[in-house]
Amino acid sequence: MSKASGAQRMGITESTVRPYIMRARAKYAAVGRHATSKDALLARAIEDGLITTAEVREYRSRARRDG
C-alpha cells in the first residue's frame, strides 16, 4: 500500500505517515529486528501481534484509472 493510500485510510496526511513508518523501523532496528521493506515491516507487526493476518487484505489502489 502506498503512503498516500495509507494516509487516506487513516484520515491523516501523507507527510504524517512518513515519520510514523520511520519511527517504527528505527524501533525495530534498535532491537536487532530490521524492517527495511514494507513486507518486513508487515511481518514484524504480525509477529508482535499488532495486527492479525485476517486484518491484512488485498491491496487495491485508489488511484484513478483512465480507460
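Residues numbered from 1 in each chain as written. Predicted model: local features only at pLDDT ≥ 70, side-chain atom pairs only at ≥ 80, totals over all residues. Heavy atoms only, no water.

1. Examining the overall build of the protein chain
Moving on, step 1. Secondary structure assignment for the protein chain yields three helices and zero strands.
Moving on, step 2. N-terminal to C-terminal, the α/β element order of the protein chain is α-α-α.
Moving on, step 3. Across the 67 residues of the protein chain, 15% fall into the buried class.
Moving on, step 4. Across the protein chain, every contact between residues at least 6 apart in sequence was considered, and the portion connecting residues at least 24 apart equals 20%.
Moving on, step 5. With an accessible surface of roughly 5,400 Å², the protein chain has 53% of that area assigned to carbon and sulfur atoms. (Helix = DSSP H or I, 4+ residues; strand = E, 2+ residues; numbered from the N terminus. Buried < 20%, exposed > 50% of the residue type's maximum accessible area, 1.4 Å probe, protein only. Contact = heavy atoms within 4.5 Å. Areas by Shrake-Rupley, 256 points an atom, 1.4 Å probe, with all protein chains shown as cover.)

2. A closer look at helix α1 (residues 3-10)
Moving on, step 1. Among the residues making up α1, those that are buried are Ser5, Gly6 and Ala7.
Moving on, step 2. Phi turns positive, to about 75°, at glycine 11, one or two residues after α1.

3. Considering the pattern of salt bridges
Moving on, step 1. Taken as a whole and judged by the stated rule, the model has four salt bridges.
Moving on, step 2. Its salt-bridge partner being arginine 33, residue glutamate 47 comes within 2.7 Å of it at the nearest N-O pair. Taken as a pair, glutamate 47 in helix α3 (residues 38-47) and arginine 33 in the loop between α2 (14-30) and α3 lie far apart in primary sequence, 14 residues in all.
Moving on, step 3. By relative accessible area, arginine 33 is classed as partly exposed at 26%.
Moving on, step 4. Between arginine 44 and glutamate 47 there is a salt bridge; the shortest N-O distance is 3.8 Å. Of this pair, arginine 44 and glutamate 47 both sit in helix α3, separated by three residues, roughly a single helical turn.
Moving on, step 5. Put simply, Arg33, Arg44, Glu47 and Asp48 are held in one network by salt bridges that share partners. (Salt bridge = Lys/Arg side-chain N within 4 Å of Asp/Glu carboxyl O.)

Nothing here speaks to function; it is all geometry.
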